[in-house]
Amino acid sequence: MTERARAEGRAGVWSGSWVAERLGVELAGDDSLTGLLGLALRRNPKRAHLLVSNVLGKHVPQSPSVVHGHGVALGRRVRDLLGAETAGHAVVLGYAETATGLGHSVADGLGAAPYLHSTRRPVAGVGRAGGFEESHSHATSHLLLPEDPALLAGDGPLVLVDDEFSTGNTVLNTVRALHERYPRKRYVVVALVDMRSPADAGRLEDFAREIGARVDLVTAASGTVRLPPGVLEKGQELVARYEAGSAGAGAGAGAGSGAGGAVGRIARVDLHWPDGVPDGGRHGFTAAHRERLENALPGMAARIAEALPAGARRVLVLGFEELMYAPLRLADALERTTDADVRYSTTTRSPVLAVDDPGYAIRTRLVFPAHDDPADGPGERYAYNVAGAGFDAVVAVVDSAADTPALHAPDGLLGRLAAHVPHVLLAVVPSYVPHVPHAPHAPERPSMLSEPLRGPDFSSYASDEVGWLLQDFSDVTLEAPTEEREEAIQSGGAHYAESLPVEYQPSEQYQELFHAALDASAARLARAVGAVTEIVLAERSPRPVLVSLARAGTPVGILMRRWAQYRHGLDLPHYAVSIVRGRGIDANALRWLAAHHDPADVVFVDGWTGKGAITRELDAALRDFEVSDGVTGFNPEIAVLADPGSCVRTYGTRDDFLIPSACLNSTVSGLISRTVLRADLVGPHDFHGAKFYRELAGADLSPAFLDAVSAHYPDVTDAVHAQAKELLAADRTPTWEGWAAVERISEEYGIDDVNLVKPGVGETTRVMLRRVPWKVLARSGAGADLDHVRLLAEQRGVPVEEVDDLPYTCVGLIHPKYTRGATGADGKAVAL
């Protein structure tokens, strides 16, 4: 390309006029279209013409501030569309290879949004989180390879960025593939230009209705390409004729021959790329990565400027295929650092005809072999509008995976550049190596945790009442008689969570007692539910995410959710997770929650406190999780219905009274078993498990319990308001009075491990139903709240002793005969 040709182009000749005149192609739409787009012809059997963007930085060298600015502007428009709060939960996805830099720039404009782009470069050991096809492209397979698969699993908006929105097929293929796996309510499609035909214009709206999600479109300009009949065949004929040698000096392989000029100087420049910052969004790029890169850019640009030849007036920073953002930002920083006219573009896989005419978008073409050992084998690669463009220096930016002998070979990219440019600098960005938790021969890490289980497929609760972050072990035999189970635990030092007790089905007499107790306490329970929910809304979050500790906490979580709906019209998310003494909370459940919600909004819910062991377990587990995963924000303070042990500060009452859900096992907990954690069933990337006892449906009292309590909400509204107001004003600092009492009881009764002492009505009931009880200590004068405990004790031959000055209504003691098989603080057998 001569100086005269460049001047002609600047003088106002549209870079699409050559194709338009010869093929009758018409670009119609916004006045800005011809400034944004030119036209060229490509060797592609599916589409003859190519829309060539003047602001994308792929085929046409452009000022890096212009390229980055267009993406940032689109990102700001998306932020305005979504609103700041919703935009804070968005994830941006760009398309390889052309839009990887544009997508990253959109993420910059959006704010702190994490960014991921599709890739055609598979990485050993990194599992696919998805993939899709680009029907019109010469290379169709797109892979999604996030280092953290949870990046795509949130329920915030997904922003999809491409250079042009033409048929819409690529976007529809992407959304369909991702929506099946990670459904969400909102998508935003972003493109520099909307070039849909009238026939394609309504497809996006129809598709949105089909999947039940909102899909918005944000573009810088819109129009359409009008193609005459037979344009594909005419285009192919034209390409064949020019490639056979009838084009000018800039066309075909001649542009890459390097003949007729001196070879330029090739040198390296050490960027000092910041350690640990990814080279792009192939495996994910976070706000923290962005901040570190921004801080390092001035220094890297200064090193490039120092390496440039003295007096360089016109400099090109040339990126490499999918590696668009890093060289773009380096060029942007260099543009601010030096007085030279800095331009930016990248190499590409796309084969395009070059014609040295001011009315054609691709003036020259350099051809060179692929140099990054591509998965689809060797092939030609291209750099357009570089040869003859008057550059004094080119800074070629590649990642370390592409810094190969093929890059440095005589016919490689560096050699082709040196044949046309007097100075070539090579800057290598280290290829980011994602953390792979398994060796290459090990099973591939699952790309994503499963979605929550819901009724009626899992549990008898309605699907919107709770999502269980568990595995379904319904078909696995895990039960053993209580005595045998205790002996098995002690003999092998096994963990209590590795098996299940046989579900104890209370007698008809006992079930009558349950109903009587529910009738008597339902209003009292409703007041406590309302009070603790009001405290959570006032002190923790206006829109909390309720996370109940399965299984005792789950009915309480549902009741709290119902109160929030009744009193405030809130539809709160509610999940149930597993926590195991000695093993902590399910870390994969925490990862799922962190991917879908703000951890600061999560409120853990349990039924009641005993001596506070689970409170301490949760606190320790969350501290460990923060260290292991770097996720902060989870609050270890549990919200409970009743806190007789004075272990927490978020509660509805500190009275120790009968909570009827403690009377039964699965039949008051949605027919779900206690949770299970066993190495042969639960892998490192699995949720803990539980069983759904479908066969007990005839005895299920779960809905009846919930309905009986929530039916009293209108009656207790005023009382709840007064109780919540009183509690919010009170000093609710935990005194751990219950823990001190347990220690006294352990010493008095000669029990070496406090975990064999189960304080409170709820825990005593569990001892009677699931363990081998020794005796029950009852507070002197305790009345109807202990009727069910006395009945169970009579049926199992367990003595009940009256005790003065007991802070709890009752305390259950596990039988000394089985203390070796009972579980200690670490969840394992206690050795005598």
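This is a predicted model, so every value here is computed, not measured.

Reading the values: rules and limits
Residues numbered from 1 in each chain as written. Predicted model: local features only at pLDDT ≥ 70, side-chain atom pairs only at ≥ 80, totals over all residues. Heavy atoms only, no water. Helix = DSSP H or I, 4+ residues; strand = E, 2+ residues; numbered from the N terminus. Buried < 20%, exposed > 50% of the residue type's maximum accessible area, 1.4 Å probe, protein only. Contact = heavy atoms within 4.5 Å. Areas by Shrake-Rupley, 256 points an atom, 1.4 Å probe, with all protein chains shown as cover. Pairing = 2+ DSSP bridges. Right-handed = clockwise from strand over helix to strand, strands pointing away. Core = buried A, V, L, I, M, F, W, Y, C linked by side-chain atoms within 4.5 Å. Phe/Tyr/Trp six-rings, centres within 6.5 Å; stacked < 30°, edge-to-face > 60°. Lys NZ or Arg CZ within 6 Å of the ring centre and 35° of its normal.

**Student:** What am I meant to see in the overall build of the protein chain here?
**Tutor:** Looking only at helices and strands, one finds 23 helices and 33 strands in the protein chain. Residues classed as buried in the protein chain amount to 60% of the 832 residues present. By sequence separation, contacts in the protein chain at least 24 residues apart represent 77% of the contacts at least 6 residues apart. Looking at the protein chain as shown, the accessible area adds up to about 31500 Å², and 50% of this sits on carbon and sulfur atoms.

**Student:** For this particular structure, what's the right way to read the pairing of strand β27 (residues 639-642)?
**Tutor:** Residues in a regular strand point their side chains to alternate faces of the sheet. Where strand β26 (residues 602-608) and β27 come together, 3 bridges link them in parallel fashion. Bridging from a neighbouring strand, D606 pairs with V640 of β27. Regarding topology, helix α18 (residues 613-629) serves as the crossover connection from β26 to the parallel β27, and that connection is right-handed. As judged from the 3 bridges shared by β27 and strand β28 (residues 650-653), these two strands associate in the parallel manner. Looking at the pairing, A642 lines up with T653 of β28.

**Student:** What is the right way to look at the pairing of strand β3 (residues 49-53) in this model?
**Tutor:** With 5 of its 5 residues buried, β3 lies for the most part within the structure. Where burial is concerned, the two faces of β3 agree: the one with H49, L51 and S53 and the one with L50 and V52 are both buried. In the sheet, strand β2 (residues 37-41) pairs with β3 via 5 bridges, with the strands oriented antiparallel. Across the sheet, A40 pairs through a bridge with L50, a residue of β3.

**Student:** Any chance you could explain the nonpolar core here in plain terms?
**Tutor:** Generally speaking, soluble globular proteins have nonpolar side chains that are buried together. Counting residues in each nonpolar core, the largest one holds 136 residues, and the members touching the most others are L41, V159, V190, Y360, V395 and L417. When residues no more than four places from it in sequence are discounted, the contact partners of V190 are L74, V78, V106, V159, L160, V161, D162 and V218. Membership of the second largest hydrophobic core comes to 58 residues, among which are F473, F657, F692 and L696.

**Student:** Is there a simple way to think about the packing of aromatic side chains in this case?
**Tutor:** The geometry of an aromatic ring pair comes down to the distance between the two centres and the angle between the two planes. Under the definition given, this model contains 14 aromatic pairs. On the basis of an interplanar angle of 80° and a centroid distance of 5.2 Å, the ring pair of W18 and Y242 is categorised as edge-to-face. One end of the pair, W18, is in helix α2 (residues 17-23); the other, Y242, is in helix α9 (residues 231-246), with 224 residues separating them in the sequence. Both rings, one in W18 and one in Y360, keep their centres 5.1 Å apart while their planes meet at 80°; by these two values the pair is edge-to-face. Residue W18 is located in helix α2, and its partner Y360 is located in the loop between β13 (341-347) and β14 (365-369); the two are separated by 342 residues in the primary sequence. No difference in accessibility class separates W18 from Y360, as the two residues are buried. Put simply, the rings of F458, Y461, W468 and F692 pair up and form one aromatic cluster. Against the face of W736 rests R616, its NZ or CZ located 4.4 Å from the ring centre.

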